[in-house]
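Summary of the model geometry
Listed below, chain by chain, are the residues.
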Amino acid sequence: MKQTQRLPVSCNKDCGAGCPLVAEVADGRLLRIRDNPLRPSHMSGCVRGYQMGRAVYHPERLRSPLVRTGPRGSGQFREVGWDEALRIVSRGLERVRQSPGPQAVLRLGGSGSCRGAVHNTELLSRRFLAGFGGFTDTTGSYSSGAESFVAPYLFGPGHVRRSGIDPATLRFSRLILLWGANVEDTRFGCELAARIREQKRRGVPVIVIDPRRSRTARRLADRWIPLLPGTDTALMASVLHVLISEDRIDRPVIRRISVGFDALERHILGLDDGQAKTPLWAEKICGVPPETVVELARLYGRSRPAALIPGLSIQRTIGGEEAVRMAVALQTATGNVGVPGGSSGTNIWSRLPGPRCPRMPVPPTPQPAGVPVYCWPDAVLEGRAGGYPTEIRAIYNVGGNYVCTGSDVNRNIRAFERVELAVSHEYFLTPTARCSDVVLPVTTFLEREDVVFPETNHLLYSHRAIEPVGNTRNDYTIFCQLADRLGFGEEFSRGRSAGQWLERFLQDSEVSDIDEFRRTGIYIGADQERCGLSDFVSDPDDHPLDTPSGRIEIASRPYAELGFSEVPTWRGFQPTPAYPLYMITPHARYRVNSQYANDPWFAERESQELWMNPRDALNRGIGRNSRVEVESPQGKIRVEVRITDRIMPGVVSLLAGMWPRIGADGVDTAGAANILTSTVPTEPSRSSRTHSVAVQVRAV
Ligand SMILES: Nc1nc2c(c(=O)[nH]1)N[C@H]1C(S)=C(S)[C@@H](COP(=O)(O)OP(=O)(O)OC[C@H]3O[C@@H](n4cnc5c(=O)[nH]c(N)nc54)[C@H](O)[C@@H]3O)O[C@H]1N2
Ligand SMILES: Nc1nc2c(c(=O)[nH]1)N[C@H]1C(S)=C(S)[C@@H](COP(=O)(O)OP(=O)(O)OC[C@H]3O[C@@H](n4cnc5c(=O)[nH]c(N)nc54)[C@H](O)[C@@H]3O)O[C@H]1N2
Ligand SMILES: [Mo]
């Protein structure tokens, strides 16, 4: 009889959680993945982890290195041995290093495996290229660029990583506002949704604010409030107007923990610009009825503590910086910061430290150069003439599929066409791998061992459950072999195998019983009910923030010096007569960004359709079950339409992450959202604005 082995594993994916799972293995083959029976009660995995075997054994999984034979992007490659592949890559890199120099290499990717201590695509690629002699790095993030940019102005740089909450503290909440957060699909840690469901069962109202009636709105919301995308700051301002007018704000708390509220109050009352930010004013911008704003504000004002949990969506918009600042102003004004059951109003994800455990160190880079990740194709195409620090000649991509996930796919393809050398480490021939010269096939988390940081107060142990499929290698091994060829092997590896690095990290971690950790797969940090900024809020003089004032800076002088309003102010994006509809591009439930887009099992469960309100369809003569053409200044796609009142009038929605399929006529027929998006970022953070897109839709 064959023996089934059960080994703790965890995904190491960029999907908002790292989950305690076990892999069941027999005869060296993965049978299934399920929840770790020893996990804490509110934690669970999801379909994207349970079904990872589909990627591991996928017929199109790359099993050997590939070298391009046809034109870039043609998809013509030949399989080669590792020796040949590594020789081509190291020679190509050496040429660029000699002339014009190492900074001509642009590092792309990183989120592929982003939770591991050792197998961490971002840290490994940075470590490798630092040893190489330097590179041009991508800075900021697609995910939370605007939020990460403004949070230090609000809380001080040292307190950003102390501004989150442990989900368990939600048991104290009397109201939960999911502001552009679709926690049932895009989870922020693997226990948040369960905690919110539990509060809902206890009768705590849950409000979801989202242009789309998401799965979260359907399942969790007592009330769904649709609003036009990118207008959250205006809605928040009008909520604050009601709170101020009805004297429902907490002035003693405001005075104690913040500076600048008086300036914001003047702005909200219109004393600075002559325009009071009333619900009637907001209605014209957001499309939310004034009565709804008043009801929301009253409920919010009388329910304490209230947790305002924003999605990252509200800041991936033009002016998204202001939405983050205004949310913090709201939570401050209502006395909800730093109290159990409340929240700071910014992103709660990865905003508290996890248990101590080192991860792969990155040495300082000689002559560091960086470009905002959202603008990477611009940096390649425009170089110094466009104000970027370097001229890019090579792209090194590890754990990214930016031809697909980066905005403006056509521009991304042009950027790849421009360089002399493009290398990808991948599982699949993704659109980005297709644009590369050499593709090196890598292992998945199931084929290697690691500690995974789930961004809650836990560590997870992830065993090597199966042998590497085909001729695949770890990213770490590949980098060691390339570093050897390029003359810095010892510096890169320190003579250690991946397992030896892991062993050292564990020795230096706070885990005392390492064998037990390996056996259970879960290490639980001491305090599971941490409420960020609570020390500061209970005694701001003893525990000041590291802002100039030591308080939360509702009005920020340093921010104003960047040329933007000192207090949070709505500044928006509006469609044009030629492109009159707003488009949002949310994350799919059945994909991790673009991962699984090539697997029919996932596609069958979530079809790639453009959601459109019946009113907008009627206006355009668009019928049910038809195909439509969606056009933006950047490009065109043809896709199935779904006519539904789950999306508000004036807005269409298309899930992000589909791999583009561009025909001879230049039109994409897969439904790739980023054919339509633009790399012009939101300022001043120079970050993603993939929920600020204007399109026209026509029947075909
Ligand atoms: N299943 C799954 N989970 C994931 C991912 C995935 O691809 N799939 N990706 C992970 C990653 S990398 C990230 S960064 C996070 C992303 O997490 P989020 O950024 O929070 O996710 P989104 O799906 O972009 O948006 C969340 C919700 O906000 C709504 N929304 C869009 N625009 C607006 C707006 O202007 N205002 C308001 N109020 N709502 C708006 C969308 O309709 C959606 O329902 O998710 C992570 N988790
Ligand atoms: N329109 C639109 N576009 C978006 C978004 C949106 O909301 N709307 N969201 C943005 C956000 S928040 C993000 S984070 C980005 C994500 O953009 P990407 O980082 O490109 O996201 P993924 O699709 O997860 O790509 C990761 C790639 O790494 C590979 N990979 C996984 N594990 C490993 C590994 O261990 N080693 C190596 N070498 N490769 C690995 C996977 O096969 C996959 O192709 O997309 C952004 N793009
Ligand atoms: Mo992200």
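Just above sits the structure.
Right, let's walk through the structure included here. (Residues numbered from 1 in each chain as written. Chains lettered and ligands numbered in written order. Predicted model: local features only at pLDDT ≥ 70, side-chain atom pairs only at ≥ 80, totals over all residues. Heavy atoms only, no water.)

**Re the sheet that holds strand β12 (residues 306-310)**
Note the following rule: For two strands to pair, DSSP has to find at least two bridges joining them. Secondary structure elements are defined from DSSP: runs of H or I of at least 4 residues count as helices, runs of E of at least 2 residues count as strands, and each element is numbered from the N terminus. All axes here are fitted lines through C-alpha atoms, helices being fitted over the stretch that makes contact, and every angle between N-to-C directions spans 0 to 180 degrees. By the convention used here, residues are in contact when the closest approach between their heavy atoms is within 4.5 Å.
Taking strand neighbours across the sheet as the criterion, the four strands line up as β10-β9-β8-β12 in an open arrangement whose pairing is parallel. For this open sheet the edge positions go to β10 (223-225) and β12, each flanked by a neighbour on one side alone. The sheet shows a mean angle of 15 degrees between the axes of neighbouring strands, taken without regard to direction. Across four bridges, strand β8 (residues 175-179) lies against strand β9 (residues 206-209) in parallel orientation. Following the sheet pairing, L177 is matched in β9 by I207. Together, β8, β9 and β12 form the strand contacts of helix α6 (residues 192-201), whose direction differs from that of β8 by roughly 135 degrees.

**Considerations on the pattern of salt bridges**
The line we're drawing: The salt bridge criterion pairs a side-chain nitrogen of Lys or Arg with a carboxyl oxygen of Asp or Glu, the two atoms within 4 Å. Accessible area is worked out with a 1.4 Å probe on protein chains only. A residue is then buried under 20% of its type maximum, exposed over 50%, and partly exposed in between.
This structure, assessed with the given rule, holds 50 salt bridges. The partner of E24 in a salt bridge is R6, with the nearest N and O atoms 3.3 Å apart. Of this pair, E24 sits in strand β2 (residues 21-26) while R6 sits in strand β1 (residues 5-9), and the two are 18 residues apart along the sequence. The closest approach of N and O atoms between E322 and R325, which form a salt bridge, is 2.9 Å. With E322 and R325 both in helix α13 (residues 320-333) and three residues apart, this pair spans about one turn of that helix. With relative accessibility at 1%, the residue E322 sits in the buried group.

**Let's talk about helix α8 (residues 232-245)**
Note the following rule: Each helix should span, by expectation, one fewer than its residue count multiplied by 1.5 Å.
The end-to-end C-alpha distance of α8, which contains 14 residues, comes to 20 Å, matching closely the 20 Å that a straight helix rising 1.5 Å per residue would cover. For α8, the tally of buried residues reaches 13 of 14 residues, placing the bulk of the element in the interior. Just downstream of α8, D247 is the residue with a positive phi angle, here 55 degrees.

**Considering the nonpolar core**
Worth spelling out the cut-off: The nonpolar core is taken to be a set of buried Ala, Val, Leu, Ile, Met, Phe, Trp, Tyr and Cys residues, with the residues joined through side-chain atoms within 4.5 Å. A domain assignment, automatic or from a database, supplies the domain bounds used here.
Ranked by internal contacts, the top residues of the largest apolar core, which has 83 residues, are F128, Y396, L440 and L446. If you count residues domain by domain, this core takes at least three from each of domain 1 (66-142 + 365-524) and domain 3 (581-699). If you look at the next biggest cluster of nonpolar residues, it comprises 58 residues, including I209, L243, V293 and V537.

**Some words on the layout of surface pockets**
As a reminder, the rule being used: Computed over the protein atoms alone on a 1 Å grid, cavities are sets of points where a 1.4 Å probe fits but cannot get out and pockets are open sets with protein on both sides within 12 Å along at least five of seven lines; a residue lines them when it has an atom within 4 Å of a point. Grid points are joined across faces, edges and corners, and a volume is the space filled by probe spheres set on the points. Throughout this entry, Asp, Glu, Lys and Arg are counted as charged residues, while Ala, Val, Leu, Ile, Met, Phe, Trp, Tyr, Cys and Pro are counted as nonpolar. The remaining residues, Gly among them, count as polar.
The volume enclosed by the second largest pocket comes to roughly 470 Å³. If you go around the second largest pocket, you meet 19 residues; those closest to its centre are P431, R434, W659, P660 and R661. When contributions to the lining of the second largest pocket are tallied by element, the ones reaching two or more residues are α16 (409-418) and α17 (431-434). A per-class count over the lining of the second largest pocket returns twelve nonpolar, two polar and five charged. Both of domain 1 (66-142 + 365-524) and domain 3 (581-699) provide at least three residues apiece to the lining of the second largest pocket.

**Points about the side chain of R530**
This is how the line gets drawn: The definition of a polar contact used here is a pair of N or O atoms within 3.5 Å, where within protein one atom must be able to donate a hydrogen and the other to accept one, and adjacent residues in sequence count solely through side-chain atom pairs.
Residue position: R530 is located in the loop between β19 (522-524) and α22 (534-538). A polar atom in the side chain of R530 sits 2.6 Å from the backbone oxygen of P353.

**As for the packing of aromatic side chains**
Stated precisely, the cut-off is as follows: Under the pairing criterion, centres of Phe, Tyr and Trp rings, with the six-membered ring standing for Trp, must be within 6.5 Å; the plane angle then separates stacked pairs below 30 degrees from edge-to-face pairs above 60, leaving the rest tilted. Comment: the charge-over-ring label is applied if NZ (Lys) or CZ (Arg) is within 6 Å of the ring centre and within 35 degrees of the ring normal.
A full pass over the atoms with the stated rule returns 21 aromatic pairs. With 5.5 Å between their ring centres and 75 degrees between their planes, Y153 and Y559 make a pair best called edge-to-face. Pair noted here: Y153 is in helix α5 (residues 145-155) and Y559 is in helix α23 (residues 557-560), with a separation of 406 residues, a long-range link. Note on Y559: relative accessible area 0%, which makes it buried. Residues W376 and Y402 carry aromatic rings whose centres are separated by 6.4 Å and whose planes lie at 35 degrees to one another, so their mutual orientation is tilted. Here W376 is found in helix α14 (residues 376-382), whereas its partner Y402 is found in helix α15 (residues 402-405), with 26 residues between them in sequence. By relative accessible area, which is 8% here, Y402 ends up buried. Over the ring of Y57 we find R29; its NZ or CZ atom is 3.8 Å from the centre of that ring.

**Quick notes on the site of ligand 1**
Short version of the rule: In these notes, residues near a molecule or strand are those with any non-hydrogen atom within 4 Å of it. Surface accessibility in these figures is a Shrake-Rupley result with a 1.4 Å probe; residues are shielded only by whichever protein chains are displayed.
Around ligand 1 lies a shell of 35 residues, among which D210, G230, R316, R591 and N593 are the nearest. Within the backbone of I209, a nitrogen or oxygen atom sits 3.1 Å from a nitrogen atom of ligand 1. For ligand 1, an oxygen atom lies 2.7 Å from a polar atom in the backbone of G230. Computed on the free molecule, ligand 1 has an accessible area of 900 Å², of which 99% lies beneath the protein chains in the complex. Per-domain counts for the shell around ligand 1 show at least three residues from each of domain 2 (146-346 + 547-560) and domain 3 (581-699).

**Quick look at the side chain of N336**
By the secondary structure assignment, N336 is in the loop between α13 and β13 (369-372). A distance of 2.8 Å separates the side chain of N336 from the backbone nitrogen of A306, its partner in a polar contact. Here T334 takes part through its side chain, which lies 2.9 Å from a polar atom of the side chain of N336. With near-sequence residues (within four places) excluded, N336 lies in contact with Y300, R304, P305, A306, Q331, G342 and S343.

**So, the site of ligand 2**
The local shell around ligand 2 holds 30 residues, among which S111, S113, T405, E426 and S594 are the closest. Between ligand 2 and the protein, one listed contact pairs an oxygen atom with a side-chain N or O atom of R316 at 3.3 Å. In the model, an oxygen atom of ligand 2 is placed 3.0 Å from a nitrogen or oxygen of the H587 side chain. Here ligand 2 has 920 Å² of accessible area as a free molecule, and 97% of this is covered by the chains. Where the shell around ligand 2 is concerned, the elements lending two or more residues are α15 and β15 (421-426).

**Re the sheet that holds β2**
If you walk across this open sheet you meet the three strands as β1-β2-β3, and the pairing is antiparallel. Of all the strands in the sheet, just β1 and β3 (29-35) have a single pairing partner and so form its edges. Looking at each pair of strands side by side, their axes are set apart by 30 degrees on average, direction ignored. When β1 meets β2, the two strands line up antiparallel, connected through five bridges. Across the sheet, R6 pairs through a bridge with E24, a residue of β2.

Geometry only, nothing functional implied.
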